[in-house]
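Here are the chains, one letter per residue:
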Amino acid sequence: MTERADAGSEDSRVSERARAVEPQGIREMFDLAAEQDGDLVHLEFGEPDFHTPDHVVDAAVEAARAGRTKYTANAGIADLRAAVADALARDGGPRPDPASEVVVTTGGVEALHLAIHTVADPGEEVVVPTPAWPNPISQATLADAVPVEVPMPAADGFAPDADRIVDAIGPDTAAVLLTSPSNPTGRVFPEAPVERVVTAAADHGAFVLADEVYRDLTYAERPPRTAAVADRLDRESWVLTVGSVSKAYAMTGWRVGWLAGPADVVGQVTKIREHTTSCVNTPAQYAALAALTGPREPVEEMRAAFAERREYVLDRVDDIDGVSVTPPEGAFYAFVDVSALSGSDTEIAKRLLVDHGVVTAPGSAFGAGGEGHLRLSFANGLDRLETGLDRFEAMVAGGVLD
Ligand SMILES: Cc1ncc(COP(=O)(O)O)c(C=O)c1O
């Protein structure tokens, strides 16, 4: 018997790498919610409640009927890569070469996964300003790299703090994640901290992973794209831009995203994706093409609806004694400070779910500094938001304050 077979214990049957990855904290709330009866208000979802626009669905159906159901190139269909390049250029900054600097991925999540695998060697560090969507932290672990969580200042509403990020960049840094707008805080990186982070990263030979999946969902003027800032500083070869159609086009289930960046990195990503999903579902690529090249009205209508809900949630939270929120500048989340209530954020989230029927995501699921908060998604209709916030208010008024 080999040592592995002999041991036969839970610890030896699966890899250390797999065991090292924490279960995703938001999914844990889905699972708990699935066990509850009654009328639940879902404020935990990280996806729009809208339907994918009709012209996008039609494009996928037409592609499938026309027989566009075969594998595509690893990098994706040429028209979609060109549409991604055009969309990035329209948004300011350099237009990547669609032939060598854009790869279509299975959502932004695969772009991040492949990018981290491509640029980080085992033991190298991936710097992640937190609170953050937790997946890249686990993706770094899966790549045998070391995630370095850098909490942004809670007292300042989690505004990006370039000093803290730059201090965390060193000779072992392979990549720095710069997610703007942020999930869960909704904060946007202004130009000045981006300049500092890009400069520090490039000077250390580290890449900046600019996660822009929420960029179309901002509620004020948007600062320049990270790649545009880097271009001006002559450091564009250190920026990898991640995007997707998931959030702004209500297309989470279609699983289409992209990575854009220098040809040497994109080339390696394209090569290794043969061994993950090979290529993105072909009709879904045609759907994404229709989304990026079609009318903008559906995106604007959804953004306007999110903006209205955002105002509503902010007003309601403002009126509840003992909790507070820094207005999000983008995405569709309110990251509510519940640290004055008794119990941890996870306990509060569970109590809110089990006793009051409202599903939220506990802040500690978003890494260092997220504790003491609840993420309330406003990707839900105003009537459901009203019911959810009535219940939240009742819970707080019911005496959970210290
Ligand atoms: C910050 C952030 N980046 C990337 C993603 C990945 O989204 P998708 O894979 O659907 O493009 C998400 C999804 O929630 C996210 O919140």
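These remarks concern the structure in this document. Keep in mind the model is a prediction, meaning the values are calculated, not measured. (Residues numbered from 1 in each chain as written. Predicted model: local features only at pLDDT ≥ 70, side-chain atom pairs only at ≥ 80, totals over all residues. Heavy atoms only, no water.)

## Details of the overall build of the chain
Then, in step 1: Helix and strand counts for the chain stand at 16 helices and 13 strands.
Then, in step 2: Against the 2.2 N^0.38 benchmark of 21 Å for 402 residues, the chain shows a C-alpha radius of gyration of 21 Å, consistent with a compact globule.
Then, in step 3: Along the longest, intermediate and shortest principal axes, the C-alpha atoms of the chain span 60 × 55 × 50 Å.
Then, in step 4: Expressed as a percentage of the 402 residues in the chain, the buried residues total 53%. (Helix = DSSP H or I, 4+ residues; strand = E, 2+ residues; numbered from the N terminus. Rg over C-alpha atoms; globule rule 2.2 N^0.38 Å. Buried < 20%, exposed > 50% of the residue type's maximum accessible area, 1.4 Å probe, protein only.)

## Notes on helix α15 (residues 345-356)
Then, in step 1: An ideal rise of 1.5 Å per residue puts 16 Å on 12 residues; α15 measures up with 15 Å between its terminal C-alpha atoms.
Then, in step 2: Of all the positions in α15, only D345, I348, A349, L352 and L353 are classed as buried. What you see down the axis of α15 is that its buried residues fit within an arc of 130 degrees, all on one side.
Then, in step 3: Remark: G357 follows α15 within two positions and exhibits a positive phi of approximately 70 degrees. (Expected span 1.5 Å × (residues − 1). Arc of directions from axis to C-beta.)

## Here we look at the site of the ligand
Then, in step 1: In the vicinity of the ligand, 13 residues are found, and the nearest of them are G108, D211, S244, S246 and K247.
Then, in step 2: For the ligand, a nitrogen atom lies 2.5 Å from a polar atom in the side chain of D211.
Then, in step 3: Between the ligand and R255 there is a distance of 2.8 Å, counted from an oxygen atom to a side-chain nitrogen or oxygen.
Then, in step 4: When the ligand sits alone it has 400 Å² of accessible area, and the protein chains cover 93% of it.
Then, in step 5: Per-element tally for the shell around the ligand: the top contributor is helix α7 (residues 107-119), with 3 residues. (Near = heavy atom within 4 Å. Polar contact = N/O pair within 3.5 Å; in protein donor to acceptor, adjacent residues only side chain to side chain. Areas by Shrake-Rupley, 256 points an atom, 1.4 Å probe, with all protein chains shown as cover.)

## As for the packing of aromatic side chains
Then, in step 1: According to the stated counting rule, one finds 9 aromatic pairs in the structure shown.
Then, in step 2: Taking the centre distance of 5.8 Å and the plane angle of 80 degrees together, the rings of Y214 and Y333 count as edge-to-face. Of this pair, Y214 sits in the loop between β6 (207-211) and α11 (226-232) while Y333 is found in strand β10 (residues 333-337), placing the two residues 119 residues apart along the sequence. Per residue, the accessibility class of Y214 equals that of Y333, and both read buried.
Then, in step 3: With centroids separated by 5.0 Å and ring planes inclined at 40 degrees, the aromatic side chains of F306 and F332 adopt a geometry described as tilted. Here the residue F306 occupies a position in helix α14 (residues 297-318), and F332 occupies one in the loop between β9 (324-325) and β10, the gap between them amounting to 26 residues. Like F306, the residue F332 is buried in the burial classification. (Phe/Tyr/Trp six-rings, centres within 6.5 Å; stacked < 30°, edge-to-face > 60°.)

## Overview of a negative patch on the surface
Then, in step 1: Negative charge collects at one region of the surface, where E22, E28, D31 and E35 lie side by side.
Then, in step 2: Structurally, D31 can be placed in helix α4 (residues 25-34). (Patch = residues over 30% accessible without salt bridge, like charges linked within 9 Å, V, L, I, M, F, W, Y side chains within 5 Å. Salt bridge = Lys/Arg side-chain N within 4 Å of Asp/Glu carboxyl O. Lys, Arg positive; Asp, Glu negative; His and termini not counted. Charge placed at Lys NZ, Arg CZ, Asp CG, Glu CD.)

## Structural notes on the pairing of strand β5 (residues 173-179)
Taken residue by residue, a regular strand's side chains alternate between the two faces of the sheet.
Then, in step 1: Of all 7 residues in β5, 7 are buried; the element is thus mostly enclosed.
Then, in step 2: Of the strand pairs in this sheet, strand β3 (residues 125-130) and β5 are connected by 3 bridges, and their pairing is parallel. Across the sheet, residue E125 finds its bridge partner in β5, namely T173.
Then, in step 3: In the sheet, β5 pairs with β6 via 5 bridges, with the strands oriented parallel. Counterpart to T179 in the pairing with β6 is D211. (Pairing = 2+ DSSP bridges.)

## A word on the sheet that holds strand β12 (residues 361-362)
Then, in step 1: Spatially, 4 strands are ordered β9-β10-β13-β12 in an open sheet, and the strand pairing comes out antiparallel. In this open sheet, the two edge strands, each paired with only one partner strand, are β9 and β12.
Then, in step 2: As paired strands, β12 and strand β13 (residues 373-377) are joined by 2 bridges and run antiparallel to one another. Across the sheet, residue P362 finds its bridge partner in β13, namely L374.
Then, in step 3: In the packing of α15 onto the sheet, the strands contacted are β12 and β13, and the crossing angle to β13 comes to about 45 degrees. (Contact = heavy atoms within 4.5 Å. Axes fitted to C-alpha atoms, helices over the stretch in contact; angles between N-to-C directions.)

## Thoughts on the pairing of strand β4 (residues 146-151)
Then, in step 1: Here 6 bridges tie β3 to β4, and the two strands are oriented parallel to one another. Looking at β4, one finds that V127 is bridged to V148.
Then, in step 2: Each parallel crossover has a hand, and for β3 linked through helix α8 (residues 135-142) to β4 it is right-handed. (Right-handed = clockwise from strand over helix to strand, strands pointing away.)

## Structural notes on the nonpolar core
Across soluble globular proteins, you tend to see nonpolar side chains buried next to one another.
Then, in step 1: Formed by 92 residues in total, the largest nonpolar core has its most connected members in L80, V245, V323, F332, V336 and F392.
Then, in step 2: When residues of this core are sorted by domain, at least three fall in each of domain 1 (11-51 + 298-397) and domain 2 (68-293).
Then, in step 3: With residues near it in sequence (within four places) discarded, F332 still touches G46, E47, P48, Y214, L217, Y219, K247, F306, L376, S377, F378 and A379.
Then, in step 4: Counting 27 residues, the second largest nonpolar core, distinct from the first, contains I26, A200, A210 and A227. (Core = buried A, V, L, I, M, F, W, Y, C linked by side-chain atoms within 4.5 Å. Domains from an automatic or database assignment.)

## Looking at the packing of α7 against helix α12 (residues 263-272)
Then, in step 1: At a minimum axis separation of 9 Å, α7 and α12 run at an interaxial angle of 110 degrees. When the axes of α7 and α12 are compared, the pair comes out roughly perpendicular. Along this stretch, α7 crosses α12, giving a crossing that reads as right-handed. Together, L114, A115, H117, T118 and V119 of α7 and V265, Q268, V269 and I272 of α12 make up the contact between the two elements.
Then, in step 2: Among the residues making up the contact of α7 with α12, the classes are represented as 6 nonpolar, 3 polar and no charged. (Parallel < 35°, antiparallel > 145°, perpendicular 65-115°, else oblique. Left-handed = near helix turned anticlockwise from the far one by under 90°. Nonpolar A, V, L, I, M, F, W, Y, C, P; charged D, E, K, R; others polar.)

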